[in-house]
Every structure is written in structure tokens, then in C-alpha cells.
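Close look at the chain arrangement
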Amino acid sequence: MLAAPLLLAQETYRDNFSSVSYSNNDGTLNFSGNWNEVNDGNSAANGRIRITGGDLRFEDISRNSQNIFRSVNLSGASSATISFDWQTIGLDGGNDTTSEYMSLQVSTDGVNYTTLNTFHGTQANTFSQNILAYASATTTFRLYNESTWAWGDWESGEYFYIDNFRITASFGARVLVEDVAVEEDAGTATFDISHAGLNTSSSYTVDYVITAGTATQGIDYTVSSGIYTGTLNFNGTSGDTEQITILITDDTLLEVSETLIISFNATSDVSVDISDTAIGTIDDNESDPNDVRPYEERYAMNIVGNFIMKGNTNLICTANCPGIPTSNNPTVIMGYSNVDGDPSTTNSSSSTITIPVGATVEYAALYWGGVYNSSNSGITNPPPTLNIDEVKLRTPSGSTYNTITADQRNIETSAFSGWNSFMSYADVTSLVQSGGNGNYFVADIPLITGSSFTGPYGGWTMVVVYNDSTEKSRNISIWDGFDFFGFGANDSFTVTGLLTPSSGVFESSVGYFGLDGESSSSGDFVSINGSPITNALNPGNNTLNGTISEYGIDTGNRNPNFSYSWGVDIDVFDVTGLVPNSAIEMDVVLGSSSEGIWGGVFVTSNEIAFPTVASKSFNPATISQGNESRVTIIIENPANGVNLTNFSLTDNLPTDMVISTTPDATSSSGGTITAIPGSSNFTISGISVLAGNTCSFSFDIVTLKIGNYENTIFPIDTTNDQNIPFAGEYTGELSVFPRTVITNRRITYRVKKE
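Residues numbered from 1 in each chain as written. Predicted model: local features only at pLDDT ≥ 70, side-chain atom pairs only at ≥ 80, totals over all residues. Heavy atoms only, no water.

Helices and strands together make up the secondary structure of the chain, namely one helix and 56 strands. Rg of the C-alpha trace for the chain: 35 Å, well past the compact-globule value of 27 Å for 754 residues, more than 25% over. Here the C-alpha coordinates of the chain stretch approximately 125 × 105 × 50 Å along the principal axes. Buried residues in the chain amount to 50% of all 754 residues. In the chain, 77% of the contacts between residues at least 6 apart in sequence involve partners at least 24 apart. Each charge sign in the chain was given a centre, from 27 positive and 81 negative side chains, and these centres are 18 Å apart. (Helix = DSSP H or I, 4+ residues; strand = E, 2+ residues; numbered from the N terminus. Rg over C-alpha atoms; globule rule 2.2 N^0.38 Å. Buried < 20%, exposed > 50% of the residue type's maximum accessible area, 1.4 Å probe, protein only. Contact = heavy atoms within 4.5 Å. Lys, Arg positive; Asp, Glu negative; His and termini not counted. Charge placed at Lys NZ, Arg CZ, Asp CG, Glu CD.)

Right, dumping it as C-alpha cells:
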């Protein structure tokens, strides 16, 4: 009896080097990963190994040094061939290992390599070789200078080029899954599992299992079902793809990258190869709490409202105090402020926080920091009971302190030997929402005291973002980081995700929190887009001068209350005109020529006009039951707003109102309309609404009952890429009466005779 022939599909893994990238996949299947350089910076655009002119080029390669490799999954292959075009220029010596040459090597495990061929001299050709003997799940190819010649190091102007790098392989039906890497805050990791090779004769199933690598199952990742095994259903056609989605936990721990594994353990069709596996890598998104951190966005919101920024110092001068304080440097001796009347606290200060009547707190962030340890003479370190990761907060509504644990903390220890500074952050929104207006006390910040070269410093700030219907609409963002700058070494960062109006003058404000600013030293500045910010209390050449102010006026209402707050800067500036129209980013530079400063927190606020529903009408506004009325919604995006993209709106109709059997739905701005007869909602999506423009949408409705109907568009009913909410809401009204029926009826009158 003759055996049935084994059917196989031919696939290719290919890199044509047509773009300057080590991730090119130009074949029917993808390589297992990118090209990876060794000892050359791993850049496809520059270095001794690079992609240029549509080729992978090698120049001036040293023996046993610069090389490049790439892997491919050839498990289950019945045939496999490698081929590529190549050219050498100026590789000296003979055709042996005692010359300048390039080797093509192959490995089944990415560790132990076998040389397939060497390339010498000045010549060009095409290389091709059967590599089935090296087929594995981790087949790896390496281009490497393994010359044993004392002069085997290449020189500048000596080259090796390859192009059209291709592995051709034949496979039966198989299931493939690729590795996935995600940031810890991605929320999910999704694996695509594909049927590759030949079709099968019918549909089939594959069982999978999710196992822990270095990640901890149930802690670092979970699945919605709570079950880490499952079954995938394939229709038997090559290219059919299923998915496995894993939930990623975003914790606050500093961790190395962690892994999990996807594998397959059974299939209903034994002809399908299920040997492939994938590694999921979870990359930690926490910064090292024991190091500095660049500025990054903490919070962003488009809101009808504003922000306030308050705080205080927890250190005061206790000896050698000047009549008008301007510096915390020697001979000033610094000690603790303690104003709360609580004998259990080591230090404390307060500030009055008041939001307008009728406003509500949307978000509140607490920051605290200062010098927590020093080996300098003249310094007393804080009691060991105090912890840089904790602080105490007492709200106006409470008589006792709440212990606040830092959500994030960073330290700086290298600017000056024996001088260690920190800043911590915590989200305190719920406490401020319940705490209300009044005095907020912050206590037990671990701070040094005494006198030293730049003076002890330390304190806190709170940034509160609030909703207020009487305020302007604004784009507000909070950025924070922690590092030293000064003595000519500036700190700079770019605020991204900014939204400013497309035209017209608009209000802009920024707030800053920094430590160790001195009124007696000049040369320090904060600039926006190259322009220093300044006001009456904060000169352009001495911006960070230990003041606590809003728009050039000391905020007061704090205890202790000094015009110079012993190195603590909490200042809000009007920067109207420094940020241009249609801006999406802002360049910020923090610097000083004559003093050192640690920071900090940076808040931005830009006025933007929110779009509105200009009108929502029914025509006619009064109908008989069963008749149609036409709904028209007009959206207006003000000229001093921002361009909206991927805008969508859903009109949720009231009970007993539905879309007509012939909706006749229209949009003045294109997009995708969903208006299903009998449905209770209308949707328009995928449109752009430029600032200064209007859009209108119309459709027909009917009602199922008589009565008066109100149909309201709420801000929550709209979305856009810019996350700009609608200002207010708009209601259209429709009255529906019983239908009047007129019939032909004979009327008979009886006439009474006299």
C-alpha cells in the first residue's frame, strides 16, 4: 500500500534592507526578532555595521569583535535554505583563516556556532546553502570576523555587503505565536496565534497553557477567567489568527523585566505542529527610587476649572538669624518648625487651601522633600523614626494626622559628597475632597538641621485641580521629576501633550516647586520656549529665590509665614504670550549660574475653548403620533478652541423615541453614520472638527407614544483624540399628539314639528 504524500507549504523569512531598520520582515513569515549587533551600538543607521543604500554594510571590522546576528524559528521544517547576494571590497589575504574575511555562521541554540562559508578579497556573488541540519526553534545566523591572522583586523575602506537575505523553508500545518513585550502600565498583553503552512482538511482545536517565567502568576499578571489554560478554535485555513489576552498588573515596585510563557500542549489534529512557544516580557515602568528621575507627566486633564499650588517650609532659622532673611547658608543655623501643637510630631507647618464656593476637587497631589542625611560637620541628621517614604497630613476636617505613604520617591546623592536630598509624591485626592477648605498641616518630614555649606532646606507643596463651572475651560498638566541643577549645569525637559487654541490670545499659567533657592544669589531662571518667566516677586535673573507666591503676590495664610521661606520655592506665574497657538509641546529650562537647586514640580495651565452643541432641534417640533420629525444637531468648535480629530457623538434618544424606518441620516462633515431603523441611538464617528468650524448631523425619528419628549446631548456623549469635553449640555423638545382621524359619516337631523 502506498503512503499518502506529505503536503508542505513553502515559506520565506526575508530582509531586503529596503529601510534603515533592524526589524524588517519582507517574507511570508517573520523572523523571531531583530538583527542584533555586538560591540557596535546596535544602530541600523550608523557604526561599522549599518544599513545603507539598500544593503547591510560592514566596514573596518575587528577580529572577534563587531558582529551581528538574527534568529528564525525553523522547527518542523522539512527543507530549509539560506541565500543572499554579497560583495567584498579590499579584504586582503588568501582564501583561508589567515586573512581578512567575513564568516557566515549558524547555530541551533544561539550559543554554539558552525561556520558555513567565508568571504574574501574583492568580488561579488550569490550564496545559497541547505541548512536543514540546523533547523530548530532558535536557528540563529551570525556574520562574524573570526580571522586568526595577526593582521586580520579590517581597515577603513574595506567592506562586506549583503542584500536580499532570505531563508526559504517548507512546513506542514503549524501554529505560530510571537514573543510580546509590554510596559507594566500597558494594562494588557495580547498574543496573536496563527495557523501557518498548509490548510488542514477541517477545523481543529489547540489547547494552550500560560506559565510563569520570572513573573509571578496572579500578582504580576492575571487572566479575566482566572484560569491559565484554554482552547483555541481554528478554521483550518492558513492565516487564521486567534488571540490570548493577559491582564498586566501595574504595581509600584522597582523590578527587573519579568517574563511569562505561552505554550501548546494538545491539538485535535495531530498533523498540526504545535511546538512553537512565546515569551511575554513585562518591562517595569518604575524609576529607581534610589536615584534621580527626569521630569515626566504625572497628571493631565481638560477641565472647566483651575489649579492652586500651596505649601510651606518645615525648617526655620533658630540661631544667627538675620533681620531680613535672604539665605539659609552659614552662619544661619536651621531647626525645625513645629506649629501644630501636637507633641508627637517632630516638625510641622501649615498652609490654607481654599477652592471657590461650588467648586469640587478633581485631583490633589502632595509632594515633600529636602535634605534627609548629611555627613558634613555642623549637621544633625533627623531622628531615625522619620522616613522619607512617609509623611503626616492633617486636613481641616480632622483632628488627627493621616500617615501618607509615598507613591513615588527619588533621591539625589552625587551633586555634593555627604549631601543627600529627596522628593516624594502621594495622591491625596480623597483626603482633600473630604477635608474641605482650611488649614492643611504636614508634619514629620525627615530633614537635617544645623548649618553647612548650602544650608539645610525642606518643605512641601500641594497641587489641587478643581472643577468650577464659573471658571474658564483649561488644559492642565502636572509634571514632576527630581535632580540637581545649577552652577551652569541646567536641567531641561519638554512638556508634551499640550493643547493651546488654534488662534487668538489665551491665558497661560505655570507653577513651580523647587528647593534651596536663595534671595541673596542671582543668576537662576526658569524659561519657557527660551523666554525667562518673571513677576514682581521673582525677577528674571533670580526666579528661584525662596518665595511662595501667586502671580507676583505672596500668598500668605501659612504658618510659619516668611517672605523668604528658607529655600522653598512655590510660585505660580502668568506666562500668557510665551506659549504659541496650536502648540503641542513646551520647552522648559531650569538653570542657575551661581547656586545649586533641587527640583521639582512643574504645573501648566492653558485656556482653551471647549466645543458646544450650538443647537438640537426637532422639525416639526409638534407632530401627530406615527408621523416623522427630523432631528438636527449642530456642533460648534470655537475659533479659540483646538482642532478635534476622530470626533464622535452619540445621541441617546428618550424612551419610546426611535429612528425612523427611513432615517435619511446625513452629516456635513462626512464620517461614519450609524442610524439603524428602530434603534434608540444615533452615532456619528471618525470626523474632524477644525477650530472655528461647525458640523451638522440630521436624521428622522418617530415615537411610539404621545407626550412631550426631551432629548439631551451630554458632554459624556462625545469623544475625540484630544480628550476635549463639551461645554455644558443641550436639550431639544418634541410634542406628540394623538392622530386626528376624519371619516365620512352621514348626519341625520330630526326636525320637530310645531
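A separate point is the packing of aromatic side chains. How two aromatic rings sit relative to each other is given by the distance of their centres and the angle of their planes. Inspection of the entire model under this criterion finds 33 aromatic pairs. Of the aromatic side chains, those joined through ring pairs into one cluster are Y13, F17, F31, W35, F58, F84, W86, F119, F127, F141, F160 and F165. The ring of F31 is capped by R70, whose NZ or CZ atom sits 4.0 Å from the centre of that ring. Its end group placed over the ring of F171, R174 keeps NZ or CZ at 3.3 Å from the ring centre. (Phe/Tyr/Trp six-rings, centres within 6.5 Å; stacked < 30°, edge-to-face > 60°. Lys NZ or Arg CZ within 6 Å of the ring centre and 35° of its normal.)

Glancing now at the nonpolar core. The tendency in soluble globular proteins is for nonpolar side chains to be buried as a group. Core analysis: the biggest nonpolar cluster contains 39 residues, and L56, F58 and F165 have the highest contact counts within it. Elements that contribute at least two residues to this core include exactly β3 (49-52), β4 (55-59), β5 (67-72), β6 (79-91), β7 (102-107), β8 (113-119), β10 (139-144) and β11 (159-171). Beyond its immediate sequence surroundings of up to four residues, F58 is in contact with R48, I49, I68, M102, L143, W154, E158, Y159 and F160. (Core = buried A, V, L, I, M, F, W, Y, C linked by side-chain atoms within 4.5 Å.)

Right, let's get into unusual backbone geometry. With an omega of 15°, the peptide bond running from P330 to T331 counts as cis. Note on placement: T331 falls in the loop between β22 (315-319) and β23 (333-336). Going from G599 to G600, the amide bond is cis rather than trans, its omega being -15°. Structurally, the position occupied by G600 is in strand β44 (residues 596-607). One non-glycine residue, N723, lies in the positive phi region at around 55°.

Here we have four strands laid out as an open sheet, ordered β12-β14-β18-β16, and antiparallel in their pairing. Edge positions in the open sheet fall to β12 (174-177) and β16 (221-222), since each of these has one partner strand only. In the sheet, β16 pairs with strand β18 (residues 241-248) via two bridges, with the strands oriented antiparallel. Its bridge partner lying in β18, Y221 is registered against I248. (Pairing = 2+ DSSP bridges.)

Under the criterion given, the structure shown has one disulfide. Here C317 pairs with C321 through a disulfide, and the sulfurs are 2.0 Å apart. What sets the handedness of the C317 and C321 disulfide is the S-S torsion sign, and at about -105° it is left-handed. C321 gets classed as partly exposed once you look at its relative accessible area, which sits at 41%. (Disulfide = S-S within 2.5 Å.)

So, about the pattern of salt bridges. Enumeration over the complete set of coordinates arrives at 18 salt bridges. Residues K310 and E550 are paired through a salt bridge, measuring 3.4 Å at the closest nitrogen-oxygen approach. With K310 in strand β21 (residues 293-313) and E550 in strand β39 (residues 548-550), this pair connects stretches of sequence that are 240 residues apart. Among the residues examined, E550 registers a relative accessible area of 23% and is labelled partly exposed. Across the pair E607 and K472 runs a salt bridge whose closest N-O atoms are separated by 3.9 Å. Note that E607 is positioned in strand β44 and K472 in the loop between β33 (458-467) and β34 (473-486), a separation of 135 residues in sequence. (Salt bridge = Lys/Arg side-chain N within 4 Å of Asp/Glu carboxyl O.)

Next up on the list: the sheet that holds β10. Across the sheet, which stays open at both edges, the five strands sit in the order β2-β5-β10-β7-β8 with antiparallel pairing between neighbours. Each of the sheet's edge strands pairs with one partner strand only, and the pair in question is β2 (36-38) and β8. Each strand of the sheet is rotated relative to its neighbour by a mean of 25°, with strand direction disregarded. Looking at chain direction, β2 and β5 are connected through three bridges and run antiparallel. If you follow E37 over to β5, its bridge partner there is I68. (Axes fitted to C-alpha atoms, helices over the stretch in contact; angles between N-to-C directions.)

The next subject is the side chain of T139. The residue T139 is located in strand β10 in this model. Polar side-chain contacts of T139 include one of 2.8 Å to the backbone nitrogen of S136. Residues within four places of T139 in sequence aside, it is in contact with R70, S71, V72, L74, V106, S107, T108 and Y134. (Polar contact = N/O pair within 3.5 Å; in protein donor to acceptor, adjacent residues only side chain to side chain.)

On to the environment of T731, then. If you trace the backbone, T731 turns up in strand β56 (residues 730-737). The partly exposed category is assigned to T731, whose relative accessible area is 32%. As for T731 and I713, which are separated by 18 residues in sequence, their C-alpha atoms are 6.4 Å apart. One polar contact links T731 to T712, side chain to side chain, over a distance of 2.6 Å.

A few words on the pairing of β10. Counting buried residues along β10, six of its six residues qualify, which places the element largely inside the surrounding structure. Burial along β10 is two-sided: the residues T139, F141 and L143 and T140, R142 and Y144 are all buried. The pairing of β5 with β10 spans six bridges and is antiparallel. Bridge pairing in β10 places S71 opposite T140.

Its location among the elements puts L247 in strand β18. Residue contacts for L247: discarding those within four places in its chain leaves G187, T188, D220, Y221, T222, V223 and S224.

With respect to the secondary-structure elements, S508 resides in strand β36 (residues 508-515). Dropping the residues within four chain positions of it, S508 is found in contact with F573, D574, V575, T576, V579, S605 and N606.

This paragraph deals with the environment of V339. In this structure, V339 sits in the loop between β23 and β24 (348-353). Residue V339 is classed as partly exposed on the basis of its relative accessible area of 25%. Taking the C-alpha atoms as reference points, V339 and N314, 25 residues apart in sequence, are found 9.4 Å from one another. Leave out the neighbours within four places in its chain, and V339 touches S348, S349, S350, F441, N559 and P560.

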